[in-house]
Amino acid sequence: MRFHSPQKLKTIADLIGSAFVGPEDFEVLGTNEIHMVKPGDIVFVNHPKYYDKALNSAATIILIDKEVDCPEGKALLVSDDPFRDFNKINTHFTRIYNFTEELHDVEIGEGTKIHSSAVIGNNVKIGKNTLIFPNVVIGDRTEIGDNVIIQSNTVLGGDAFYYRKLNGNFDRLISVGNVVVENNVEIGNGCTIDRGVTDSTIIGEGSVLDNQIQIGHDTVIGKKCLIASQVGIAGCCIIGDEVTLWGQVGIASGNKIESGSVLLGKTGVNRDLEKGTYIGMFAEDFKTYLKKEVKLRNLK
């Protein structure tokens, strides 16, 4: 998430009531998750296991639960609860409506048709010649391109599935990102595409999604991908261009699939995959799988 205007380190520290390490006027441009950070971003970390990853990331402001040596050219915000204060920063700069107020700042392009039963949030942009079917829900800040088809009961921009355990209960990291659907995309019935926590969940130009597909927060789907029914993609995944995912493929968080790959039905992914054709619970190369099956069947 980028702030509407640059902020100063002391301003952010005062907002959350934290100590800080660095110049008072150190520039802060926004917030982001560790997978997505850029210079000027705040990233939060609340466990020593991940200190080095956060401190050495592209983020230049680290919201941390303990004062540590600060890398050169960076700054620290020292908080007793970085998770809580990350939420506080995000919701200070991005208002959360959750469909509790009437529409405003909705842009709809020429030739677009939206069924009267569809529900549209705030600050939504929809391009030209797009079709929105009955009972579609479009969350705040969603951006939809030209010549897009979104079929019935699909939800764009739901909350990210991102929690921590706190005092025996689940505490949500509040989602202030959005969903971006590029031009010429088709999305089937009953799909759910979560908005980014602090960035965008993106469906690339020309991609086609079947029915009942779940796409997690901050995932990027490339151009001209074909995704069959009941595929589940966790958050922060990168799916390259012209990738085919057949029915019930499951992809764990943070993995990358190289462009041109094909994942056959029920393939499970728990690591990055180079271009190829895969099958099986742990995404085995398809030709290797066939050779293994031949050998097994020839055993006496």
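Heads up: the structure comes first, above all this text.
All values derive from a computational prediction rather than experimental measurement.

*Asks:* Please explain a nonpolar patch on the surface as it appears in this structure.
*Replies:* Taken together, the side chains of F161, Y163 and F170 present a nonpolar region at the surface, about 410 Å² in accessible area. Tracing the backbone shows Y163 in strand 16 (residues 163-166). With relative accessibility at 34%, the residue Y163 sits in the partly exposed group.

*Asks:* How do you make sense of the sheet that holds strand 15 (residues 155-158) when you look at a structure like this?
*Replies:* As a general point, the strands of a sheet are linked pairwise by backbone hydrogen bonds and lie either parallel or antiparallel. Reading across the sheet, the eight strands line up as 9-12-15-20-23-26-29-32 and stay open at both edges, with parallel pairing between neighbours. Looking at strand neighbours, the two that pair on one side only are strand 9 (119-120) and strand 32 (268-269), the edges of this open sheet. Where strand 26 (residues 232-233) lies against strand 29 (residues 250-251), two bridges are found, and the strand directions are parallel. Paired with G232 across the strands is G250, a residue of strand 29.

*Asks:* What's the story with the state of the cysteines in this structure? I'm lost.
*Replies:* Covalent bonding between the sulfur atoms of two cysteines is what defines a disulfide. The full count for this structure, using the stated rule, is zero disulfides. Considering cysteine sulfurs only, C236 is the nearest to C237, which forms no disulfide, with 7.6 Å between them. According to the relative accessible area criterion, C237 is buried, its value standing at 0%.

*Asks:* What should I look at first to understand the pattern of salt bridges in this one?
*Replies:* Any two side chains of opposite charge can pair, given that their charged atoms come close. Under the defined criterion, the tally for this structure stands at 12 salt bridges. A salt bridge links K38 to D199; its shortest N-O distance comes to 3.7 Å. A residue pair is termed long-range when its members are at least 10 positions apart, and K38 in the loop between strand 3 (27-31) and strand 4 (41-45) and D199 in the loop between strand 20 (192-194) and strand 21 (200-203) qualify at 161 residues. Classification of K38 as partly exposed rests on a relative accessible area of 33%. The structure contains a network of salt bridges with shared partners spanning D80, R84 and D85.

Calculation rules
Each chain has its residues counted from 1, following the order in which its sequence is written. Under the rules for a predicted model, residues below a pLDDT of 70 receive no local features and side-chain atom pairs below 80 are neither given nor counted, while totals for whole chains, interfaces and linings still include all residues. To get the side-chain values, all heavy atoms of the structure are used, and hydrogens and water are removed first. Exposure above 30% relative accessible area and the lack of any salt bridge qualify a residue for a patch; like charges then connect within 9 Å, and the nonpolar side chains Val, Leu, Ile, Met, Phe, Trp and Tyr within 5 Å. Only the protein chains shown count as cover for residues, and all accessible areas are computed by the Shrake-Rupley method using a 1.4 Å probe. Here, a salt bridge means any Lys or Arg side-chain nitrogen found within 4 Å of an Asp or Glu carboxyl oxygen. A run of DSSP states H or I qualifies as a helix once it reaches four residues; a run of E qualifies as a strand once it reaches two. Both are numbered from the N-terminal end. Whether a residue is buried, partly exposed or exposed follows from its accessible area with a 1.4 Å probe, protein chains only, as a fraction of its type maximum: under 20%, in between, or over 50%, in that order. Any two strands between which DSSP finds at least two bridges are classified as paired. The rule for a disulfide is simple: a pair of cysteine sulfur atoms within 2.5 Å.

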